[in-house]
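Remarks on the overall topology
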Amino acid sequence: MPEKPTLLIVDDEANVLFTLKLVLEEDGYDITTASSCAEALKLIHNAHQFDAILTDLRMEQEDIGLELAEAAAKLHPRPVIVIFTGYGSVENARGALGIQVDYFALKPLDLDDLKNALHRLLVWRGRVRRGRA
Amino acid sequence: MSALARQKMALIVHPDLTMLSRYQALLTRAELSTVVARDIPTALMAITQHYFEVAIISSQLGESGDGWPLAGVFHLVFPKSFVSVIVPGADLLNLQTAINNGVQEIFEEDHAPDAVVSAILTATAIPATPSARNRSRLQ
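Residues numbered from 1 in each chain as written. Chains lettered and ligands numbered in written order. Predicted model: local features only at pLDDT ≥ 70, side-chain atom pairs only at ≥ 80, totals over all residues. Heavy atoms only, no water.

The tally for this structure, following the rule as stated, stands at 4 aromatic pairs over all chains. Consider the rings of Tyr51(B) and Phe78(B), whose centres lie 5.2 Å apart with planes at 75 degrees: the pair is edge-to-face. With Tyr51(B) in the loop between α2 (40-49) and β3 (54-58) and Phe78(B) in the loop between α3 (67-77) and β4 (82-87), this pair connects stretches of sequence that are 27 residues apart. With 6.0 Å between their ring centres and 85 degrees between their planes, Phe52(B) and Phe78(B) make a pair best called edge-to-face. Within this pair, whereas Phe52(B) is found in the loop between α2 and β3, its partner Phe78(B) is found in the loop between α3 and β4, the two being separated by 26 residues in sequence. Accessibility assignment for this pair places Phe52(B) and Phe78(B) in one class, buried. An aromatic cluster of at least three residues, connected via ring pairs, comprises Tyr51(B), Phe52(B), Phe74(B) and Phe78(B). When the ring centre of Tyr87(A) is taken as reference, the NZ or CZ atom of Arg58(A) above it lies at 3.7 Å. (Phe/Tyr/Trp six-rings, centres within 6.5 Å; stacked < 30°, edge-to-face > 60°. Helix = DSSP H or I, 4+ residues; strand = E, 2+ residues; numbered from the N terminus. Buried < 20%, exposed > 50% of the residue type's maximum accessible area, 1.4 Å probe, protein only. Lys NZ or Arg CZ within 6 Å of the ring centre and 35° of its normal.)

Given below as structure tokens:
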């Protein structure tokens, strides 16, 4: 049986973290959560490999999620990088484009759109077989 | 394994013939072989028949925003290639759409084509002037 795709979800809002974990676990993903950029950076630099990293932008500091996205973009293999934010701006979206983030979503999140995008990106990268995770 | 020497190819998709011609001239000067298209069907046909390293696509072809899915398809077919989109304004929505379609860069419509091409050549590390070998060949 193929292994479940692994996701790291990062948000300082406990309810968002809880909801995303619940919804994506139901879709068959293996979820790890972090409530800050610092915690997430420790995880990705500590030999943890994730197929995708989903992060909020504004946590300890404004737009600090970009720092995590930038670190994730340097990993080999490069995980799928998803940013979600309630504070989208031209500046942070331009930053995300520069890092070549794979998906940029604005809060309130459309969970169906997010799930479809995540699945599409993971299949395309060959991390998931066709069909649901 | 032998390296296959061939000219890099660029796809230019724009509804305006003048712009197509300007981009084509600039890219040709940088030694890229170009294919131009003014609509989605022609662009899709070109995508099935060539390997492109670069694309410049207008976000508005037949109607507003229809260049985005074409850019998305280009990225799916040529994931290592550079796809850029010409937009009316670099607002949040256009930046979000660019990211979600795998676009590397967007340029505003009022950007001069030579600045656009220069930025693309820098990003893709293609030399902006002909090589010495090819310059002599042209003389």
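For the rest of this paragraph, the subject is the sheet that holds strand β5 (residues 103-106) of chain A. Residue and element names in this part refer to chain A. Pairing within the open sheet is parallel, and its 5 strands lie in the order β2-β1-β3-β4-β5. For this open sheet the edge positions go to β2 (30-34) and β5, each flanked by a neighbour on one side alone. The average undirected angle you get between the axes of adjacent strands in this sheet is 15 degrees. Where strand β1 (residues 6-10) lies against β2, 5 bridges are found, and the strand directions are parallel. Across the sheet, the residue bridging to valine 10 is alanine 34, located in β2. Seen against the sheet, helix α2 (residues 37-44) touches β1, β2 and β3 (52-56) and runs at an angle of roughly 130 degrees to β2. (Pairing = 2+ DSSP bridges. Axes fitted to C-alpha atoms, helices over the stretch in contact; angles between N-to-C directions. Contact = heavy atoms within 4.5 Å.)

Okay, the sheet that holds strand β5 (residues 105-108) of chain B next. Each strand in a sheet pairs with its neighbour through backbone hydrogen bonds, running either in the same direction (parallel) or in the opposite one (antiparallel). Residue and element names in this part refer to chain B. Pairing is parallel across the open sheet formed by 5 strands, whose spatial order is β2-β1-β3-β4-β5. The sheet is open, and its two borders are formed by β2 (33-37) and β5, each paired with just one other strand. With direction set aside, neighbouring strand axes in the sheet form an average angle of 15 degrees. Here β3 pairs with β4 via 5 bridges, running parallel. Each bridged residue has a counterpart across the sheet, and for valine 54 the counterpart in β4 is phenylalanine 82. Packed on one face of the sheet, helix α5 (residues 113-124) meets β3, β4 and β5 and runs near 155 degrees to β4.

This next bit is on the nonpolar core. Counting 53 residues, the largest nonpolar core has Leu8(A), Leu11(B) and Ile106(B) as the members making the most contacts within it. Filtering out sequence-adjacent residues up to four positions away, Ile106(B) remains in contact with Arg94(A), Leu97(A), Trp68(B), Val85(B), Val87(B), Ala90(B), Asn94(B), Leu95(B) and Ala98(B). Val16(A), Leu20(A), Leu54(A) and Tyr103(A) belong to the second largest nonpolar core, which has 20 residues in total. (Core = buried A, V, L, I, M, F, W, Y, C linked by side-chain atoms within 4.5 Å.)

All right, on to the packing of helix α3 (residues 65-73) of chain A against helix α4 (residues 90-99) of chain A then. Packed helices, taken two at a time, are described by their axes: the angle between them and the distance between them. All names here are of chain A. At their nearest, the axes of α3 and α4 sit 10 Å apart, and the two run at 5 degrees to each other. Relative to α4, the element α3 lies roughly parallel. The residues of α4 that touch α3, namely those facing Leu66, Ala69, Glu70 and Ala73, are Asn92, Gly95, Ala96 and Ile99. (Parallel < 35°, antiparallel > 145°, perpendicular 65-115°, else oblique.)

Now for the pattern of salt bridges. All names here are of chain A. Summed over the entire model, instances satisfying the criterion amount to 10 salt bridges over all chains. A salt bridge links aspartate 11 to lysine 107; the nearest nitrogen and oxygen atoms lie 3.1 Å apart. Within this pair, whereas aspartate 11 is found in the loop between β1 and α1 (14-26), its partner lysine 107 is found in the loop between β5 and α5 (111-124), the two being separated by 96 residues in sequence. Close ionic contact of aspartate 102 with arginine 78 constitutes a salt bridge, the shortest N to O distance being 3.0 Å. You can see aspartate 102 sitting in the loop between α4 and β5 and its partner arginine 78 sitting in the loop between α3 and β4 (80-85), a full 24 residues away along the chain. Here the residues in one salt-bridge network are Asp11, Glu13, Asp56 and Lys107, joined through shared partners. (Salt bridge = Lys/Arg side-chain N within 4 Å of Asp/Glu carboxyl O.)

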